[in-house]
Amino acid sequence: MSDTAKQTRHVMLVAGETSGDTLGSELMAAMKEISPWPLTFSGVGGETMEKQGLASIFPMTDIAVMGPREIIPRLPLIFRRIRETVRHAVTAEPDIVVVIDSPEFTHMVAKRIARRAPHIPIVDYVLPSVWAWRQGRARTMKKYIRRVLALLPFEPAFLRSVGVDCVYVGHPAIYRVPEAGSGEQFREVHGIGADQPLLLVLPGSRVNEVKHLLEVFGDVVKMLAEEMPDLRIVLPTVPHLRGIVEKTVRSWPMDVLLVSDEQQKRAAFDAATAALAASGTVALELGLARVPMVVAYRAEALVGWFALNVLKIPSVVLVNLILDRPSVREYLHNRCTPEKILEGLRPLMTNTPERARALADFDELRARMGIGGLAPSQRAAKAVLELL
């Protein structure tokens, strides 16, 4: 056996859905770039991980399912894939295992590998939201997870408090910060004046979200347009929702510019005066893009009860959790009314102390998230290679 073969490190990665496949491929590329040893990869992943050299032991699409209607009929296949993944780890004996997001699948795999091959270190990339609910689950993770790679800067302190090693590597939203100057070009192309108020409307990416929120958002837009006659609206959407959105916005008192292209969406963020957004990751993207916003959400009664009674956090907006203060106003469930939302949105549309405070908060957010430093994938690669 050659010296090179002896030095080669075997990394096993397990991803369960498209977002994890993207994270995994970026991690693999960064590891190959900075590793002092040759690397080989195996495990479970999709097309982008396979392009980086992963030999997937079965198609990731077998386990990339969501919701009870999809999961229940496929449970026998999913459990078979769990057994196959664990058996591969025990047989191949990789130098390290990295499980990526999809905790319902990947943590079942990790627990079983830890029992059968406790000498193999396991890294968890993307912490489940144990700080939001089921906080006791964090304590059990130290039995089978050697290190967690955190996307949010407050997660390491939380995990260290329960004895779990955690390294902050950064959120993928960092990659989606708009290019400087793209907003000016966006306004010019679409005939929007440099000082003309431009509101981003972001009702979510799921059909139920859009149905619940777009009518309320439309009422907000109509009232704001009465106060600001030159108001322009941009609504980023996705192809499977475009028909529903187009039908709804026909009744709005102005033309609505719909954008589906990701690059155009980022440029619209850079161009916007303010945003009205559904609760979700998009609020973090807006904060990193320095777009003053209000966040609103109206869900079914059961979901609303869960949010109010089970979640152990003071806010559902990641910006507020990262800054540890109520920077972004949120209007949830019973408070999600046009009148209340407009009250919070109005001062963000002009040069007011509220708007200036929001922009200062977002500068702090960008610093805490590490904008301008190493890319998240490079930080993650360094944290994994340290264990090797």
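Predicted, not measured: the structure shown is a model, and the values here were computed from it.

J.: Would you explain a nonpolar patch on the surface in this entry?
T.: On the surface, I71, I72, L75 and F79 cluster together into a nonpolar patch covering about 320 Å² of accessible area. With respect to the helices, strands and loops of the structure, F79 is situated in helix α5 (residues 75-92).

J.: What's the story with the sheet that holds strand β13 (residues 329-332) in this structure? I'm lost.
T.: Adjacent strands of a sheet pair through backbone hydrogen bonds, lying either parallel or antiparallel. An order of β10-β9-β8-β11-β12-β13 is seen for the 6 strands of this open sheet, with the pairing classed as parallel. Each end of this open sheet is capped by a strand with a single partner; those strands are β10 (256-259) and β13. Each neighbouring strand pair of the sheet contributes to a mean axis angle of 20 degrees, computed without reference to strand direction. Pairing between strand β11 (residues 274-278) and strand β12 (residues 293-297): 4 bridges, direction parallel. Counterpart to L276 in the pairing with β12 is V294.

J.: Whenever I open this one, the sheet that holds strand β4 (residues 96-100) confuses me. Can you help?
T.: Taken together, the 7 strands give an open sheet; going across it, the order is β3-β2-β1-β4-β5-β6-β7, and neighbouring strands pair in parallel fashion. Only two strands of the sheet have a single neighbouring strand rather than two, namely β3 (54-56) and β7 (166-168). The sheet shows a mean angle of 20 degrees between the axes of neighbouring strands, taken without regard to direction. Across 5 bridges, the pairing between strand β1 (residues 9-15) and β4 is parallel. When the bridges of β4 are listed, M12 appears paired with V97. The sheet strands contacting helix α18 (residues 376-386) are β4, β5 (122-125), β6 (147-150) and β7, and the helix crosses β6 at an angle near 170 degrees.

J.: What am I meant to see in the pairing of β11 here?
T.: The side chains of a regular strand alternate, residue by residue, between the two faces of the sheet. Among the 5 residues of β11, 5 are classified as buried, and the element is accordingly described as predominantly covered. Covered by surrounding structure in β11 are A274, L276 and A278 together with A275 and A277, the residues of both alternating faces. In the sheet, strand β8 (residues 198-202) pairs with β11 via 4 bridges, with the strands oriented parallel. Each residue of the ladder has a partner; that of L200, found in β11, is A275. Regarding topology, helix α13 (residues 281-288) serves as the crossover connection from β11 to the parallel β12, and that connection is right-handed.

J.: What am I meant to see in unusual backbone geometry here?
T.: Glycine aside, residues mostly have negative phi angles, and peptide bonds mostly take the trans form. Positive phi outside glycine occurs at E93, with the angle close to 45 degrees. Structurally, E93 can be placed in the loop between α5 and β4. Judged by its relative accessible area of 49%, E93 falls in the partly exposed class. At H333, a residue that is not glycine, the phi angle is positive and equals roughly 55 degrees. Tracing the chain through its elements places H333 in the loop between β13 and α16 (338-345).

J.: Is there a simple way to explain the pattern of salt bridges in this structure?
T.: Two side chains of opposite charge can pair, provided their charged atoms sit close to one another. Applying the stated criterion across every chain yields a total of 13 salt bridges. The partner of D165 in a salt bridge is R147, with the nearest N and O atoms 2.7 Å apart. Residue D165 is found in the loop between α8 (155-160) and β7, and its partner R147 is found in strand β6; the two are separated by 18 residues along the sequence. A relative accessible area of 11% means that R147 is categorised as buried. As a salt-bridge pair, R266 and E262 come within 3.5 Å of each other at their nearest N and O atoms. Taken together, the residues span about one helical turn, with R266 and E262 both in helix α12 (residues 262-271) at a distance of 4 residues. The class of R266 is partly exposed, set by a relative accessible area of 28%. Among the residues examined, E262 registers a relative accessible area of 35% and is labelled partly exposed. A single salt-bridge network, built from bridges that share partners, covers R325, D361, E364 and R368.

J.: Is there a simple way to think about the packing of aromatic side chains in this case?
T.: The description of two aromatic rings rests on the distance between their centres and on the angle between their planes. On inspection of all chains with the given rule, the structure shows 0 aromatic pairs. In this structure, R9 is placed above the aromatic ring of W37, and the distance from its NZ or CZ to the ring centre is 4.4 Å.

J.: Hey, could you run me through the nonpolar core in this one?
T.: One recurring pattern in soluble globular proteins is that nonpolar side chains are buried together. Of all hydrophobic cores here, the largest spans 97 residues; its most connected members are L13, Y125 and L286. Contact partners of Y125, with chain neighbours within four places excluded, come to L23, L27, V98, V99, I100, D101, L149, L151, V169, P376 and A380. With 36 residues, the next largest nonpolar core counts V210, L235, L276 and L342 among its residues.

J.: Hey, could you run me through the side chain of D21 in this one?
T.: Its place among the elements puts D21 in helix α2 (residues 18-34). The contact partners of D21, leaving out residues within four places of it in the chain, are A15, G45, G46, E47, T48, M49 and M60.

J.: Even after reading the chapter, I still don't get the packing of helix α9 (residues 182-189) against α12, so can you show me in this structure?
T.: Any two packed helices are characterised by the angle at which their axes cross and by the distance between the axes. Direction vectors running N to C along α9 and α12 enclose 100 degrees, while the axes themselves pass 7 Å from each other. As summarised for this structure, α9 and α12 are arranged roughly perpendicular, according to the angle between their axes. Between α9 and α12, the contacting residues are S182, G183, F186 and R187 on the first element and Q264, R266, A267, A268, D270 and A271 on the second. The residue makeup of the contact of α9 with α12, split by class, is 4 nonpolar, 3 polar and 3 charged.

Reading guide: rules and limits
Residues numbered from 1 in each chain as written. Predicted model: local features only at pLDDT ≥ 70, side-chain atom pairs only at ≥ 80, totals over all residues. Heavy atoms only, no water. Patch = residues over 30% accessible without salt bridge, like charges linked within 9 Å, V, L, I, M, F, W, Y side chains within 5 Å. Areas by Shrake-Rupley, 256 points an atom, 1.4 Å probe, with all protein chains shown as cover. Salt bridge = Lys/Arg side-chain N within 4 Å of Asp/Glu carboxyl O. Helix = DSSP H or I, 4+ residues; strand = E, 2+ residues; numbered from the N terminus. Pairing = 2+ DSSP bridges. Axes fitted to C-alpha atoms, helices over the stretch in contact; angles between N-to-C directions. Contact = heavy atoms within 4.5 Å. Buried < 20%, exposed > 50% of the residue type's maximum accessible area, 1.4 Å probe, protein only. Right-handed = clockwise from strand over helix to strand, strands pointing away. Phe/Tyr/Trp six-rings, centres within 6.5 Å; stacked < 30°, edge-to-face > 60°. Lys NZ or Arg CZ within 6 Å of the ring centre and 35° of its normal. Core = buried A, V, L, I, M, F, W, Y, C linked by side-chain atoms within 4.5 Å. Parallel < 35°, antiparallel > 145°, perpendicular 65-115°, else oblique. Nonpolar A, V, L, I, M, F, W, Y, C, P; charged D, E, K, R; others polar.

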